[in-house]
Amino acid sequence: MEGRRPILQVLPRGMRYSLAAATSIDLFVSEVAAHSRFRVEIVAESSRPALPAAAIHNLPAYGVANTMRRAHFIAGLARGLEPSAIVVQQHLPSASGVRALTRAPIILQKHNFLRPPRRAKWAKAISQWRHARQLNSLAGLTFVSEAVLEQFERDWPEVQTPRRVVPNGIDLGVWRPAPIREKTIVTVGRATPEKGLLEAARALRQILPQRPDWTGVFVVSEADRYPAYFTDLCAALAPLGDRAQLLVDRPFAEVKALNEKAAIALVPSMWREPFGRTCLEAHAGGAAVISSGSGGLREISGEAAVILRRVDAGTLSEALEALIGDEGLRDRLAREGMERVRRLFDVRRVAADLDDFCAEVIETARSA
């Protein structure tokens, strides 16, 4: 293990590093930490049962002035642990706050687009300058996809901080794709309009009555974020009865098992996805994928998926009909998808890339 001093991985507010409610960021941190050549310790508002880690430091869930109180707590940990680097997930103000309070190099990992501030013209310039100053104070930046990095470089040309693309990874050694697939169509995502779940439900209403041996499963999270949308989703699936299950807030192990058995996975996202871990997991599980290909989704699938020309019920129905009727095509896409994950997104490769970047940042900080 490289060096004796740990690297601290700091999770965003509200993320619990929990097996029962793991987000894509929780899973990313857990998987790269398990395969890192550094000792990686986690700082999170943890709950039980926790994801694996060398050590977990429980971060209080502050109710007020939370960014600076979190920064002071993390800086206090750093004084005792003397980490070789601190990696902050997602939240630029937290990374900047910790940077002001400790000498350890700070790396910010972004899993979504970092857009310029949207404010009145007189305030926008000041806010842009302040954010750029915060970004330039950091020792390193990582981005979850080329799409996110390219957008960042267009939006923030004044930022000179070293950067690297570090996508989500998958440990294929723990995935067990079934050789004989169930005639199931699985769709996983947040119950929000940009995820295209309603369009997928309407497509299944067109397809399943003609295909009595096929079923659908929707696994959704954040059902209370847009209550009217969730109600519409339930109404769209209701005519299908028990042929279309709707599951809410299921643990990762259950979602993984569905991907390992389902013949087809839908990823009908209607917005520009920064990455799209649900698509990565569908490929890893051995499903044939139908994807919108938006943003980072195309980087995941390449040519190993049916890419939609647009996301609506009719287009989804056509794609489903083509896959349902062609077992050979399903098998080919499943094989190519798994091979692409193995080649580009194996967690050992991802962890090594992150380790190399951290080592460069640490060495630069030592030299300075």
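Here is what the cut-offs are and how they apply
Residues numbered from 1 in each chain as written. Predicted model: local features only at pLDDT ≥ 70, side-chain atom pairs only at ≥ 80, totals over all residues. Heavy atoms only, no water. Helix = DSSP H or I, 4+ residues; strand = E, 2+ residues; numbered from the N terminus. Rg over C-alpha atoms; globule rule 2.2 N^0.38 Å. Buried < 20%, exposed > 50% of the residue type's maximum accessible area, 1.4 Å probe, protein only. Areas by Shrake-Rupley, 256 points an atom, 1.4 Å probe, with all protein chains shown as cover. Lys, Arg positive; Asp, Glu negative; His and termini not counted. Charge placed at Lys NZ, Arg CZ, Asp CG, Glu CD. Pairing = 2+ DSSP bridges. Axes fitted to C-alpha atoms, helices over the stretch in contact; angles between N-to-C directions. Contact = heavy atoms within 4.5 Å. Polar contact = N/O pair within 3.5 Å; in protein donor to acceptor, adjacent residues only side chain to side chain. Phe/Tyr/Trp six-rings, centres within 6.5 Å; stacked < 30°, edge-to-face > 60°.

**Student:** How would you summarise the overall build of the protein if you had to cite specific residues and measurements?
**Tutor:** Of the regular secondary structure elements, the protein holds 13 helices and 13 strands. Its C-alpha atoms give the protein a radius of gyration of 21 Å, near enough to 21 Å, the size a compact globule of 368 residues would have. Taking the principal axes of the C-alpha coordinates as reference, the protein spans close to 65 × 50 × 35 Å. Burial analysis of the protein (368 residues in total) assigns 55% to the buried set. For the protein, the computed accessible surface area is about 16300 Å², with 52% contributed by carbon and sulfur atoms. Counting 50 positive and 41 negative side-chain charges, the protein places the averaged centre of each group 6 Å from the other.

**Student:** Explain the sheet that holds strand β1 (residues 7-10) to me, using residue names and the numbers behind them.
**Tutor:** Reading across from one edge, β3-β2-β1-β4-β5-β6-β7 is the order of the 7 strands in this open sheet, with parallel pairing throughout. Two strands close off the open sheet at either side, each with one partner strand: β3 (56-58) and β7 (163-165). The sheet shows a mean angle of 20° between the axes of neighbouring strands, taken without regard to direction. Here β1 runs beside strand β2 (residues 40-44); their pairing, made up of 4 bridges, is parallel. Looking at β2, one finds that Val 10 is bridged to Val 43. Lying on the sheet, helix α1 (residues 24-34) is in contact with β1, β2, β4 (85-89) and β5 (106-110); it crosses β4 at an angle near 155°. Each of β6 (140-143) and β7 is contacted by helix α5 (residues 146-155), which is oriented at about 150° to β7, the strand it contacts most.

**Student:** Just give me the short version of the side chain of Ser 269, but keep the residues and values in it.
**Tutor:** For Ser 269, the position within the fold is in the loop between β11 (262-267) and α9 (277-285). Since its relative accessible area comes to 3%, Ser 269 is described here as buried. Here Trp 271 takes part through its side chain, which lies 3.3 Å from a polar atom of the side chain of Ser 269. One polar contact links Ser 269 to Glu 273, side chain to side chain, over a distance of 2.8 Å. Excluding residues that lie within four positions of it along the chain, Ser 269 makes contacts with Glu 194, Lys 195, Ser 292, Ser 294, Leu 297 and Val 311.

**Student:** An account of the environment of Ile 264 is requested, with residue identities and associated values reported.
**Tutor:** Within the secondary structure layout, Ile 264 lies in strand β11. Separated by 79 residues in the primary sequence, Ile 264 and Ile 185 have C-alpha atoms spaced 4.8 Å apart.

**Student:** Describe the packing of aromatic side chains, and please don't skip the residues or the numbers.
**Tutor:** For the structure shown, the criterion picks out 3 aromatic pairs. Their ring planes at 70° and their centres at 6.2 Å tell us that Trp 175 and Phe 252 sit as a pair that is edge-to-face. One end of the pair, Trp 175, is in the loop between β7 and β8 (182-190); the other, Phe 252, is in helix α8 (residues 252-261), and 77 residues separate them in sequence. With relative accessibility at 5%, the residue Trp 175 sits in the buried group. Measuring from centroid to centroid gives 5.9 Å for Phe 275 and Phe 345, while their planes differ by 70°, and the two rings are edge-to-face. Placement of Phe 275 in the loop between β11 and α9 and of Phe 345 in the loop between α12 (327-344) and α13 (347-367) is noted, with a sequence separation of 70 residues between them. The same class applies to Phe 275 and to Phe 345, which are both buried.

**Student:** Go over the environment of Asp 26, please, and point to the residues and values.
**Tutor:** Within the fold, Asp 26 resides in helix α1. Sequence spacing of Asp 26 and Leu 11 is 15 residues, and the spatial spacing of their C-alpha atoms is 7.6 Å. Within the structure, the side chain of Asp 26 is placed 3.4 Å from the backbone nitrogen of Tyr 17, a separation counted as a polar contact.

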